[in-house]
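# What the coordinates show
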Amino acid sequence: MALTESQNPDRPARPPVSGLVTHIRARLNAWLADTSDRSVTQRVASAAFLIRVCSAALIYLSQIVLARWMGRTEFGIYVYVWTWVTLVGDMADLGLATTAQRFIPEYAKLQAFDKLRGFVARSRWLAIASASIIALSGLLLIRMLEPYLDDVVEVPLSIACVTLPFYSLMQMQDGIARSYDWIDLALLPPYIVRHVVMLVLILAAFLLSFETTAETAVTAVAISFALTVVGQTVLLNRRLARTIEAGPRAYETKTWFKVSLPILMVEGFYVLLTSTDILVLQQFRTPDDVAIYYAAAKTLALIAFVHFAVSAAVAHRFSKYHIGDHREELENILADSIRWTFWASLAACVVVLAMGQPLLWLFGPQFTGGFHLMWILAVGLMARASVGPIERLLNMLGEQRACASVYAGAFALNLVLCVILVPRIGVEGAAVSTTTALIFESVLLFAVTRKRLGLHVFIWSRAKSR
């Protein structure tokens, strides 16, 4: 009679399931307890990605609720207005939020605590002031253009202007919190709390029988920003008080702006690059087309979240290693960040495309017509993932002007292609234009990084010095 596996003395016994679980748990605990920069960076990136995934679910839910609540036409108007809020709001802090991830590690490393206190205090007021000026200018411009604007967008655009100071302050505090690896305080308020508050407000509007219009939706967004940023400010101030000892403040405002304004150009051109398709579609196509394209693009957001998460974890470390002249550590964390970005983005791409049609159907049956757009847009996102967060590297290492030039070229290409293709082939033209621009951007960023920093940055090549 044949021996069973457990009776065969020549065959090693398989470890019990409980032993495997214990082994995995031990490895996980060791990773969580590891204080090395690599493990800390992995944990921060993982936390950032998980927050953005949860945020994606909330955003997706909110977009579905709004699309079904308002209908395609009002939803298209809301998308158009919100695109303008994102376009202007991301630049309203004048680049200071990203600059925080350069100066906070630098001041801490040099023990320049007076300058550190000065930056943390004044940068937030500068962000509020600049956004307030932009908001007032926007309201004045809307009034001047009133004869040329559609009645349905005038009020939503005005409400959106009021949102800008809250948007800018939240973004500035995001940058400060990231510099201390407080990823929960950096990302939970804008990406989780705010959307929960907005959904509660939308539900209240529904129960109270408010009009199902873009105006009502934008008002809910504005209130959610205001409430969330107040809570974030209180919590951030408490943590800063425990981290930075009280004392005198020094202000290097000119130095901050010397760095932040080129970074502002980088971020501005990137926002323009990623918003051009929606804005051009609004001019040449119907709100229905805008809504379908927006749904397809947002369904792919999970891929972009990977890039965002890794950038959130490594940007200030690029600055720290550069200041400390730790070339090898810089190359290693850069190589790691490229690998993490690409492979996680590829996995996300496979999952999202496999579930693309059911996800689009959640917006409404008519939205499934945008599924083919997802395949086109995914090519551009994967091209960007193949070089990792090197735009952050360039900004942190003083090459922000070169980075801005790359983004300006990519934006110009996207704009020209959109204007040519959208009137001729519609939403497919917008997708092809955006993807082409992202590929162009990735190639140029690779070339600039290799030439100026001597780093060979690509997924299949480890970063190494000249």
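Scroll up a little and you will see the structure.
## Focus: the overall build of the protein
- Assigned secondary structure in the protein consists of 16 helices and zero strands.
- The C-alpha atoms of the protein give 24 Å as radius of gyration, which agrees with the globular expectation for 466 residues (23 Å, within 12%).
- If one aligns the C-alpha atoms of the protein with their principal axes, the spans along those axes are about 85 × 70 × 45 Å.
- Here the analysis covers contacts within the protein between residues at least 6 apart in sequence; of these, 81% occur between residues at least 24 apart.
- Element-wise, carbon and sulfur atoms account for 65% of the exposed surface of the protein, whose accessible area totals about 21300 Å².
- Here the protein holds 40 positive side-chain charges and 33 negative ones, and the gap between their average locations is 7 Å.

## Some thoughts on helix 9 (residues 287-299)
- Here helix 9 spans 18 Å end to end across 13 residues, near enough to the 18 Å set by a 1.5 Å rise per residue.
- All of the buried residues along helix 9 are V290, A291, I292, Y293, Y294, A295, A296 and T299.

## What to know about the environment of D114
- For D114, the position within the fold is in helix 4 (residues 113-144).
- A relative accessible area of 29% places D114 in the partly exposed class.
- For the pair D114 and V65, spaced 49 residues apart in sequence, the C-alpha separation works out to 48 Å.
- In contact with D114, not counting residues within four places along its chain, are P248, R249 and A250.

## Some details on the pattern of salt bridges
- This structure, assessed with the given rule, holds nine salt bridges.
- Put simply, D336 and R339 hold a salt bridge, and the shortest N to O gap is 2.3 Å. Of this pair, D336 and R339 both sit in helix 11 (residues 327-354), separated by three residues, roughly a single helical turn.
- Here D336 falls in the buried class, since its relative accessible area comes to 5%.

## Concerning the environment of F269
- Tracing the backbone through its elements, the reader meets F269 in helix 8 (residues 253-284).
- With 140 residues separating them in the primary sequence, F269 and G409 have C-alpha atoms 8.7 Å apart.
- Those residues in contact with F269, other than ones at most four positions away along the chain, are A404, Y407, A408 and F411.

## Some words on the side chain of T276
- With respect to the helices and strands, the residue T276 is situated in helix 8.
- According to the relative accessible area criterion, T276 is buried, its value standing at 5%.
- If sequence neighbours within four positions are ignored, T276 has contacts with F411, N414, L415 and C418.

## Details of helix 15 (residues 400-425)
- Here helix 15 is 26 residues long and its end C-alpha atoms lie 36 Å apart, about the 38 Å a rise of 1.5 Å per residue gives.
- The sharpest bend along helix 15 comes to roughly 30°, located at C418.
- Listed as buried for helix 15 are Q400, A402, C403, A404, V406, Y407, A410, F411, N414, L417, C418 and V422.
- Looking at the buried residues of helix 15, the elements they touch are helix 3 (96-109), helix 8, helix 13 (371-385), helix 14 (390-396) and helix 16 (427-453).
- G426 sits one or two residues past helix 15 and shows a positive phi near 75°.

The rules we used
Residues numbered from 1 in each chain as written. Predicted model: local features only at pLDDT ≥ 70, side-chain atom pairs only at ≥ 80, totals over all residues. Heavy atoms only, no water. Helix = DSSP H or I, 4+ residues; strand = E, 2+ residues; numbered from the N terminus. Rg over C-alpha atoms; globule rule 2.2 N^0.38 Å. Contact = heavy atoms within 4.5 Å. Areas by Shrake-Rupley, 256 points an atom, 1.4 Å probe, with all protein chains shown as cover. Lys, Arg positive; Asp, Glu negative; His and termini not counted. Charge placed at Lys NZ, Arg CZ, Asp CG, Glu CD. Expected span 1.5 Å × (residues − 1). Buried < 20%, exposed > 50% of the residue type's maximum accessible area, 1.4 Å probe, protein only. Salt bridge = Lys/Arg side-chain N within 4 Å of Asp/Glu carboxyl O. Bend = angle between axes of the 7 residues up to and from the residue.

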